[in-house]
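Residues per chain, in single letters:
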Amino acid sequence: MKYILGKTPKGCILCSKPAEKNDKKNFVLFRGKKCFVMMNIFPYNNGHLMIAPYRHIANLEEMSAEEKLELMDVLSFSIKILNKVIKPEGFNAGINFGRVSGAGIEDHLHLHLVPRWSGDTNFMPIIANTKVVSEGLEETYKRLIKEFKIYESYCPKIRREFSGKC
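Here, residues in each chain are numbered from 1, in the same order as that chain's written sequence. Only residues with pLDDT of at least 70 get local features here, since the model is predicted, and only at 80 or more are side-chain atom pairs given and counted; chain-wide, interface and lining totals rely on the full set of residues. The basis for every side-chain value is the complete set of non-hydrogen atoms in the structure, without hydrogens or water.

**Q** Explanation requested: the nonpolar core in the structure shown.
**A** Soluble, globular proteins show a tendency: their nonpolar side chains are buried together. Grouped together as the largest cluster of nonpolar side chains are 26 residues, with contacts concentrated most on Leu 29, Val 37, Leu 49, Leu 144 and Phe 148. Elements with a contribution of two residues or more to this core: β1 (28-31), β2 (35-39), β3 (49-53), α4 (65-85), β5 (111-116) and α6 (137-154). Between two residues, a contact is recorded if the distance between any of their heavy atoms is within 4.5 Å. If we ignore the near neighbours within four places in the chain, the residues touching Leu 29 are Val 37, Met 38, Met 39, Leu 49, Tyr 141, Leu 144, Ile 145 and Phe 148. Throughout, nonpolar core names a set of buried Ala, Val, Leu, Ile, Met, Phe, Trp, Tyr and Cys residues whose side chains join them through atoms within 4.5 Å. Relative accessibility thresholds used throughout: buried, under 20% of the residue-type maximum; exposed, over 50%; partly exposed, between the two (1.4 Å probe, protein chains only). Formed by seven residues, the second largest nonpolar core is a distinct cluster that contains Cys 12, Leu 14, Val 28 and Ala 52. Each helix is a run of DSSP H or I of at least 4 residues and each strand a run of E of at least 2, with the numbering of both proceeding from the N terminus.

This is the structure we're talking about:
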C-alpha cells in the first residue's frame, strides 16, 4: 500500500539511489564498475533484486559490450548468493521494456531477479489485494550484504576494472 498510495518519486531512482552513497538506507548490495545490485523495496518475493547499469539507458542495444558482460556476471553471482542465503527453488529473471510490458521504471534498463518457491502464490493478492513477504527488507538485507561482501573480497577486480573472469 505504501507504493500504491505513496508519492511517485521525481527523477530516476536507479540513478539517484546509487548516487546517494547510502547503501544501507537504499538497500544497495553491490557496486561493480558498470552495474550495481539493489533490493526491490516493493518485492514480489523475499530477495527480489534489481540489477542495473549506472548509465541511464533504456534499451539493450544502448549497452556497451562491457556493460552486458558485467550485467550477466552480476546476475550469475547474485543467483549463487540467493541460493546460499534464502534457498529458493527457482528464479524468474527478466527485463521489461516499455510501460505496457510492466516496466515501472521504463527509461532505465534493469533486470529483475525474483526468487521463487513452490506455492509462493496464494489467495492474499486476490482477496486482500496484498502480497505476503515472510521477512522484512532490513533482515534480508543484513543476510545478503554479508555474502555480497564476501564475493566482493573474493573478486575485487569487478569493482575497479571489470574483467569478466569472476
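**Q** How should I be thinking about the pattern of salt bridges in this particular structure?
**A** Side-chain pairs of opposite charge can arise whenever the charged atoms involved come near each other. We define a salt bridge as a side-chain nitrogen of Lys or Arg found within 4 Å of a carboxyl oxygen belonging to Asp or Glu. Overall, the coordinates contain seven salt bridges when judged by the stated rule. Among the salt bridges present, the one from Glu 66 reaches Lys 34, with a minimum N-O distance of 3.5 Å. Placement of Glu 66 in helix α4 and of Lys 34 in the loop between β1 and β2 is noted, with a sequence separation of 32 residues between them. Its relative accessible area of 28% is what places Glu 66 among the partly exposed residues.

**Q** I keep staring at α4 and nothing clicks. Help me out?
**A** An α-helical turn contains 3.6 residues, so any two residues separated by three or four positions project in the same direction. In this model α4 runs 30 Å from its N-terminal to its C-terminal C-alpha over 21 residues, within 8% of the 30 Å that 1.5 Å per residue would give. By the burial criterion, the buried members of α4 are Glu 67, Glu 70, Leu 71, Asp 73, Val 74, Leu 75, Phe 77, Ser 78, Ile 81, Leu 82 and Val 85. A positive backbone phi angle near 50° is found at Lys 87, which sits one or two residues after α4. To estimate the expected span of a helix, count its residues, drop one, and scale the result by 1.5 Å.

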